[in-house]
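# Examining the three-dimensional arrangement
If you want the building blocks of each chain, they are given just below.
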Amino acid sequence: MLSTLDQIEKKALTELENITDESALQSWRVSFLGRNSPLMKVFDQLGTLPREERPAIGRRANEVKQALEAAFNARSESLRQAALQRSLESERLDVTLPGRPVRRGRLHPATQTLREVYRIFGEMGFQIYRSREVETDEFNFQLLNFPPNHPARDMQDTFFVDAGVDRGDNPILLRTHTSPGQIRAMREFAAMDPQNPPPIRIILPGMCFRYEQVTARSEVQFNQVEGLAVGENITFGDLKGTLSDFARRVYGQHVRTRFRASHFPFTEPSAEMDIECFVCGGAGCPICKRTGWLEILGCGMVHPVVLRNGGYDPRRYTGFAFGMGPERITILRHKIEDIRNFWANDFRFLQQF
Ligand code: PHE
């Protein structure tokens, strides 16, 4: 029996030496340590042996079992190491290959212009005031002196938001201009001290929406930057000075400006500001439609009714307001031919800026 055990041990260890893969290793384990292996048979037969032989044979059988288990574990670990080594070699990384370039982000051209406008007005003491994009008819139109059915509304076709309830003359809509922010801002400032509302100097930037056919020249969404200054003794001269200064800072010290009479229900008097065409220097070209001038914004003195709607007494306060389309500034500056590029998310367009 003892020599059988020696033979088992010898055979098992020799066979283990030649094993090079995991599945062979598993069958080795079944043959030499499994329930039907010769070694286990020895354990089974222990009870049938003469009493005095049992301790020696039992001890030796245990030794062999432990030796085989230890050898198995060692072999298993060395196979694992070898497999790891092979995969490290075959899947080796070539760190000298050039990396994949990371695409660098940049600011959208509309954002670039907006930030420039913020900076310029910031230097003139205007703060940024953010107002909501989803408005009511009351704020977008009525409080700005457009009564229901007023013909001036034709200029600003609107997207209505279906709130599921009939709100009569005050439906919810997407703002068609940033001007409703004038009322919201004035009311907020006036609430700080209703007897003595503080002066206001703000710009109100943000998206506006109009229900229009999308063409190369008109989009359903666009940015505006509204300006509002309210205080005592603010005059049309302040309006002209502020906006002429703005034009010089954007287009250069020598740019000429002109104000043309216009009409908006919420300003009186109203005007549009043109700058001399910087493409042709005023001589007339296709960009300025041969007029020599480019229209860049609408403006005027805040209408007394609008001041009152904002909580400012028009007998004491005056103010000016303006509204410009920064996309138009960007288009003119970069000679962009199609306004649809702005929101189309086409890399070929965006990467140029
Ligand atoms: N809200 C006007 C528009 O969208 C522009 C404007 C703003 C005109 C403020 C005068 C004063 O056309």
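Structure first, text after, so check above.
Residues numbered from 1 in each chain as written. Predicted model: local features only at pLDDT ≥ 70, side-chain atom pairs only at ≥ 80, totals over all residues. Heavy atoms only, no water.

## Things to note about the packing of helix α3 (residues 38-45) against helix α4 (residues 54-90)
Packing of α3 against α4 brings their axes to within 10 Å, and their N-to-C directions diverge by 155°. Our classification of the angle between α3 and α4 gives roughly antiparallel. Considering how the two elements wind past one another, α3 and α4 form a crossing that is left-handed. Across the interface between the two elements, Leu-39, Met-40, Val-42 and Phe-43 of α3 pack against Ile-57, Ala-61, Asn-62, Val-64, Lys-65 and Leu-68 of α4. (Axes fitted to C-alpha atoms, helices over the stretch in contact; angles between N-to-C directions. Helix = DSSP H or I, 4+ residues; strand = E, 2+ residues; numbered from the N terminus. Parallel < 35°, antiparallel > 145°, perpendicular 65-115°, else oblique. Left-handed = near helix turned anticlockwise from the far one by under 90°. Contact = heavy atoms within 4.5 Å.)

## Comments concerning the pairing of strand β7 (residues 257-264)
The pairing of β7 with strand β8 (residues 267-276) spans 7 bridges and is antiparallel. If you follow Phe-259 over to β8, its bridge partner there is Met-273. Linkage of β7 to β8, two consecutive antiparallel strands, is achieved through a turn of 2 residues. (Pairing = 2+ DSSP bridges.)

## Brief notes about the pairing of strand β5 (residues 200-209)
Counting buried positions over the 10 residues of β5 gives 9, a clear majority of the element. Across 10 bridges, β5 lies against strand β6 (residues 221-231) in antiparallel orientation. Of the residues in β6, the one forming a bridge with Phe-209 is Gln-221. (Buried < 20%, exposed > 50% of the residue type's maximum accessible area, 1.4 Å probe, protein only.)

## Here we look at the packing of aromatic side chains
Applying the stated criterion to the full structure yields 17 aromatic pairs. Cluster of aromatic residues (ring-pair linked, three or more members): Phe-121, Phe-126, Phe-246, Phe-320 and Phe-322. When the ring centre of Phe-347 is taken as reference, the NZ or CZ atom of Arg-103 above it lies at 4.5 Å. When the ring centre of Phe-139 is taken as reference, the NZ or CZ atom of Arg-184 above it lies at 3.7 Å. (Phe/Tyr/Trp six-rings, centres within 6.5 Å; stacked < 30°, edge-to-face > 60°. Lys NZ or Arg CZ within 6 Å of the ring centre and 35° of its normal.)

## What to know about the site of the ligand
For the ligand, the set of nearby residues contains 15 residues, the closest of which are His-177, Ser-179, Arg-210, Gln-224 and Glu-226. The contact in question runs from an oxygen atom of the ligand to an N or O atom on the side chain of Gln-224, over 2.9 Å. Within the complex, the protein chains bury 91% of what would otherwise be the 330 Å² of accessible surface of the ligand. Taken together, the elements giving at least two residues each to the shell around the ligand come down to β6, β9 (293-302) and β10 (318-324). The element that contributes the greatest number of residues to the shell around the ligand is β10, accounting for 3 residues. (Near = heavy atom within 4 Å. Polar contact = N/O pair within 3.5 Å; in protein donor to acceptor, adjacent residues only side chain to side chain. Areas by Shrake-Rupley, 256 points an atom, 1.4 Å probe, with all protein chains shown as cover.)

Read these as geometric descriptors, not functional statements.
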